[in-house]
Amino acid sequence: MGQNRGGGSASVRILLVEDDETIRRSVGMVLERYGYEVSAAPDGLTGLETFRDGRHDLLLLDVMLPFLDGIGLCRRIRETSQAPILMMSARGDALDVVAGLEAGADDYVVKPVDTTVLVARIRMLLRRATFAAAAPEAADDGGVLTFRDLTVDTRGLEVRVDGRLVALTPTELRLLLEFVAAPGVVLERQRLLRTVWDYGWEGDSRVVDLAVQRLRKKIGADHIETARGFGYRFRR
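Quick caveat, the model's predicted, so the values are computed rather than measured. (Residues numbered from 1 in each chain as written. Predicted model: local features only at pLDDT ≥ 70, side-chain atom pairs only at ≥ 80, totals over all residues. Heavy atoms only, no water.)

**Student:** Could you give me a rundown of the sheet that holds strand β6 (residues 144-147), with the residues and numbers involved?
**Tutor:** An order of β6-β7-β8-β9 is seen for the four strands of this open sheet, with the pairing classed as antiparallel. The open sheet is flanked by β6 and β9 (164-165), the only strands paired with a single partner. Relative to strand β8 (residues 158-161), strand β7 (residues 150-153) is paired through four bridges, and the arrangement is antiparallel. Bridging across to β8, Asp-153 finds its partner in Glu-158. Set on the sheet, helix α6 (residues 170-180) makes contact with β6, β7 and β8; between it and β7 the angle comes to about 105°. (Pairing = 2+ DSSP bridges. Helix = DSSP H or I, 4+ residues; strand = E, 2+ residues; numbered from the N terminus. Contact = heavy atoms within 4.5 Å. Axes fitted to C-alpha atoms, helices over the stretch in contact; angles between N-to-C directions.)

The following block contains the structure:
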């Protein structure tokens with residue numbers, strides 16, 4: 001394993017599931033050059049077995065995979081893990097993108113993959129996951145916000161609905177924290193792309209819409225209103 005180049009770390013493990021051997025090798029080599037430890041699988045079922053057999057900090061999944069496609073693999077992973085998932089779509093097809101995000105993916109890239117964009121997206125997802133994992137325990141009730149049946153501990157980063165602990169992905173948690181920090185305020189999609197997804201450029205607003213959709217399913221749809229043509233508002 002090489003030196004830590006560009007912010008990677010040999011302790012960060014990435015599972016790459018891609019059926020094209022050339023792409024699998026080239027992407028794996030790029031990630032290793034940036035210091036990441038890479039496990040690779042050529043199909044969805046092997047990818048699922050590899051995921052279950054080890055610890056992985058991030059998953060990079062192709063959409064079109066034999067035996068078990070990337071969408072199905074993403075759903076299976078989300079049954080037991082909230083690890084960041086980045087999907088790769090050969091066409092950037094709208095149906096592929098939407099299906100991946102609905103299945104629980106955090107973001108996507110289009111093949112052929114621009115390696116600088118790929119590494120930037122991976123860094124962003126890892127930063128968000130590290131933020132969620134490293135949060136200190138709440139020392140008192142000062143960081144606990146209550147909105148009807150929803151309780152958000154902004155220090156311990158725990159979310160409960162009717163007292164029941166809700167498991168959120170790092171992306172969903174970051175999105176919810178943006179909302180509860182500004183209840184009643186319409187947050188535009190492009191603003192959320194900047195603050196939650198760390199996009200320094202115009203991003204795909206479908207990423208926001210699908211993440212909001214998943215968040216609504218977990219905390220209750222009535223907590224987040226759609227401001228048509230603008231973005232979303234969190235109800236007090």
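On we go.
**Student:** Please set out the packing of helix α4 (residues 94-103) against helix α8 (residues 205-219) residue by residue, giving values where relevant.
**Tutor:** Following both chains from N to C, one finds α4 and α8 inclined at 35°, their axes separated by 9 Å at the closest point. Handedness of the crossing formed by α4 with α8: right-handed. Counting all contacts with α4, which are made through Ala-94, Val-97, Val-98, Leu-101 and Glu-102, the residues of α8 involved are Arg-206, Val-207, Leu-210, Gln-213 and Arg-214. A per-class count over the contact of α4 with α8 returns six nonpolar, one polar and three charged. (Left-handed = near helix turned anticlockwise from the far one by under 90°. Nonpolar A, V, L, I, M, F, W, Y, C, P; charged D, E, K, R; others polar.)

**Student:** Just give me the short version of the side chain of Thr-171, but keep the residues and values in it.
**Tutor:** Within the secondary structure, Thr-171 sits in helix α6. By relative accessible area, which is 1% here, Thr-171 ends up buried. Leaving out residues up to four positions away in the same chain, Thr-171 has contacts with Asp-106, Leu-125, Arg-128, Val-196 and Trp-197. (Buried < 20%, exposed > 50% of the residue type's maximum accessible area, 1.4 Å probe, protein only.)

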